[in-house]
Structures are given as C-alpha cells and as structure tokens.
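One letter stands for each residue in the lines below.
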Amino acid sequence: MSPAMAVTAETMKKDDPFQSQYQKGVKHLWESGIKIVPMKYVLPVLERPVAMNGESYATKLNLKLPLIDFAELQGSNRPQVLKSLANACENYGFFQLVNHEISNDAISNVLDVAGRFFELPSEEREKYMSVDMRSPVRYGTSFNQTKDGVYCWRDFLKLVCNPDIVPHWPSSPVDFRNMTAIYAKETKFLFLMVAEAILESLGLTNTENKTKEEEEDDILKELQDGSQLMVVNCYPPCPEPDLTLGMPPHSDYGFLTLLLQDEVEGLQIQFQEKWVTIEPIPNSFVINVGDHLEIFSNGRYKSVIHRVLVNSMKSRISVASLHSLPFSSMVRPSPKLISDANPRRYMDTDFPAFIKYIESCDSTKKKFLESRRLC
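The following paragraphs examine the structure supplied in this document. (Residues numbered from 1 in each chain as written. Predicted model: local features only at pLDDT ≥ 70, side-chain atom pairs only at ≥ 80, totals over all residues. Heavy atoms only, no water.)

Structurally, Glu-47 can be placed in the loop between helix H3 (26-31) and strand S1 (62-63). Residue classification places Glu-47 among the partly exposed residues on the basis of a relative accessible area of 35%. Placed 202 residues apart in sequence, Glu-47 and Pro-249 show a C-alpha to C-alpha distance of 9.5 Å. (Helix = DSSP H or I, 4+ residues; strand = E, 2+ residues; numbered from the N terminus. Buried < 20%, exposed > 50% of the residue type's maximum accessible area, 1.4 Å probe, protein only.)

All chains considered together, the criterion is met by 16 aromatic pairs. For the ring pair Tyr-41 and Tyr-151, a centre distance of 5.7 Å and an interplane angle of 75° mean the geometry is edge-to-face. Taken together, the residues Tyr-41 in the loop between H3 and S1 and Tyr-151 in the loop between strand S4 (137-141) and strand S5 (155-160) connect sequence positions 110 residues apart. Comparing Tyr-41 with Tyr-151 shows no difference in burial state: the two are buried. With a centroid separation of 6.2 Å and an interplanar angle of 45°, the aromatic rings of Phe-118 and Tyr-139 are classed as tilted. Separated by 21 residues along the polypeptide, Phe-118 in helix H6 (residues 104-118) and Tyr-139 in strand S4 bring together distant segments of the chain. Phe-118 sits in the buried class, given a relative accessible area of 1%. In this structure Tyr-139 comes out as buried when scored by relative accessible area, which is 0%. Members of the aromatic cluster, connected to one another through ring pairs, are Tyr-253, Phe-327, Phe-351, Phe-354, Tyr-357 and Phe-368. (Phe/Tyr/Trp six-rings, centres within 6.5 Å; stacked < 30°, edge-to-face > 60°.)

For the rest of this paragraph, the subject is the sheet that holds strand S12 (residues 306-308). Across the sheet, which stays open at both edges, the 5 strands sit in the order S1-S10-S9-S12-S7 with mixed pairing between neighbours. Of all strands in the sheet, those with a lone pairing partner are S1 and strand S7 (247-250), marking the two edges. (Pairing = 2+ DSSP bridges.)

All right, on to helix H8 (residues 176-201) then. Side chains of residues three or four places apart in an α-helix project in the same direction, reflecting 3.6 residues per turn. For H8, spanning 26 residues, the distance from its first C-alpha to its last is 37 Å, which sits close to the expected 38 Å at 1.5 Å a residue. Gly-203 sits one or two positions beyond H8 and adopts a positive phi of about 85°. (Expected span 1.5 Å × (residues − 1).)

Looking now at the side chain of Gln-261. Within the element layout of this structure, Gln-261 appears in strand S8 (residues 256-261). Of the residues examined, Gln-261 reaches a relative accessible area of 10% and is grouped as buried. In terms of polar contacts, Gln-261 uses its side chain to reach the side chain of Arg-316, at 2.6 Å. Residues in contact with Gln-261, not counting those within four places in the same chain, are Leu-111, Leu-267, Pro-280, Val-286, Arg-316, Ile-317 and Ser-318. (Polar contact = N/O pair within 3.5 Å; in protein donor to acceptor, adjacent residues only side chain to side chain. Contact = heavy atoms within 4.5 Å.)

Ordered in space as S2-S3-S11-S8-S13-S6-S5-S4, the 8 strands form an open sheet in which the pairing is mixed. The outermost strands of the open sheet, each flanked by one partner alone, are strand S2 (67-69) and S4. Averaged over neighbouring strand pairs, the angle between their axes works out to 25° when direction is ignored. As defined by bridge partners, S8 adjoins strand S13 (residues 316-324) across 6 bridges and the pair is classed as antiparallel. Paired with Leu-256 across the two strands is His-323, which belongs to S13. Packed onto the sheet, H6 meets S4, S5, strand S6 (227-235), S8, strand S11 (285-289) and S13 and runs at close to 115° relative to S13. (Axes fitted to C-alpha atoms, helices over the stretch in contact; angles between N-to-C directions.)

Shown next as structure tokens:
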C-alpha cells in the first residue's frame, strides 16, 4: 500500500472496521504508512511507558545486569562464578552471559535471517498466521490477540524446536530453516550447561551414586529431554512510542529464557520497583529465570516481571529461546529445597494449566505464577 493510501487518524479511531488490519500485525500497519498509533494499541494512561514527569524511563534509568563469564564458569573460578550466578538469580532474576562459545556467525546469521523473514511480503508471512496457541509454528501479533483488550506493538514467529517440526518451519527465506535449526541446537546445548550450573548453585549437585528417589527427581535429565520454544520478535518503528508497548509486563513461563537481541534498546525489567532498561551487549545473551525455575527453587530464584519498549526510529529484532521440562511433565518445588524454615510455596503445575490460563485472560493482566502460589 502506498503512503497516499495510509490509514487516517479519523478512521483508525473506529476499531471494528479495521479489526482485520490489526490481526495482520503491526508490521503490516507500519508498511501501510500510518502516522498515529491506532486506538486499539493505546494503553491506559497509568500503563504507558512514561515517568510521572512525562519523560521516558528509557532515557533515565539504565541497568547493567550481573555479568556471567561462561568461560570462567567452566574453569577454576567456577565456585566464585556460581556465587555470582546465585546472586543474579536471587536479586535480579536476570543476568548477561558472555564468552558462551556460540559463534558470532551463528548469532549474526539468525538475526539476519529473522530480519529478512519480517521483510517478506505480508502475504508470505501470513501463511503461518494462527490464533491457535498450541500450533507448533505460529505467526501472530500482540501477545494473545484473541483476548488482549489493548494490543501491543509486536509481531512474532513462534517455533517449537523439535526435529519433526522443522520441515514445517517457513521455507522462505531459503536459508531460514537451516540457520534457525543450527541456532536452536546450539542454544539447547548452552541452556543445559547453564542449567547444570544453576542447579549446582542451588546446592543440588549431581552425584554418581544416586538413590532411587534422586533418580526420579533428576531434573537435569528431564531438561535434556525438555521443551524448547523459539520466538522471533519484530518491533517495527512506532509513530507514538510513549502510548504503547512492544510487550506488556509479564514473566516467562518455563525454566530459563535465553534472549538474543540486536543493538536496539527495548528490554526493561522491574528492579527495586522501577522500570530499568537493559543495555544490549553485542554477542551476549540476556538470560532470565522463568516461572518454572522459581517454582522448582521454591521461591529462592525469582521470575521477574519485564516488558519491551518501542521507538519511532528503528525496528528491533530479538530471538528468545525458552527452555523447560517436557510439555507433559509436572513442575513442582524440589523436595530438597523445602524445609520447616522454608515451607512449600507453590502448587504443582503443568503446561495445559498454563495454556488454559492465558487463553482465558487479557495478557496485560497475566499473573500465571501468582495463580500457582500457596498462601
């Protein structure tokens, strides 16, 4: 659509006639040449990403996350790095991982092919569009477009990372499947190495001579056979970024999320009751504790609320790799982390319970972890 055919402010205020355009995503809206944010994307005043004085938080409060050096984690300094890892998971819920051994080529290739996917004609992207949250390959917009009262400024491609599913991943660009499959395999290996360190930092070190009960409670083996979901995100430029968000405040379902982002700022976490922006470090991963790890650690490690800002100048690409137990597994606090001083804090949960929860509510009200908490 040419700029001359751009949607006007008057027509965009009438939601229903343009519902089909909203469902096609914000990339489609941006390509149509819009000059204002449609009312469907305008947040209530108190939920907008601005400070009380009207200035953006992003320009004021930046935070350097704890830095975990993967190379040192594998060396003689491991005990000290494990302490830093425990501190990050307890007090931030996030850390940045450097020297992780995933090649710069693998990182640049997946960001490049992700960007090219979102540059495809909308008709090509829409081949994978679905509102079915159980679909193993799904292109969509917002967070949960069937329930969101206000949409967020994001388009995404979700890919279940299973060898049987890869042939159903997008075939365009022509190198998409190959580049993303290589990246998925490498991040799964990295995740397992980090997960093993996290279990060790919790005092759950694996031993050679395990009891039958310990073998049944071997979460690392479950994680090896566990689920991996890759979410490729596109946040196009937004004409009025202070009115909307790329992602609403939420925590991540799962054990750990490994986030790869380009050089454009956008990720914010809630730290000491303030929203702070995470500065991107080239070729690093932002890793955060998910709801499953908070449950498994019985509340010691924190799944922290975070959100994504948008801007008016640059498109932003990120690739989130969410890892957890198999979809069929039950998640519960580790018996070794329950005591009289630290009683059980969460009920058991599973993937169907999570899907049922998010299908039934507006994502801006998403507090799944709270629904699992015991009084």
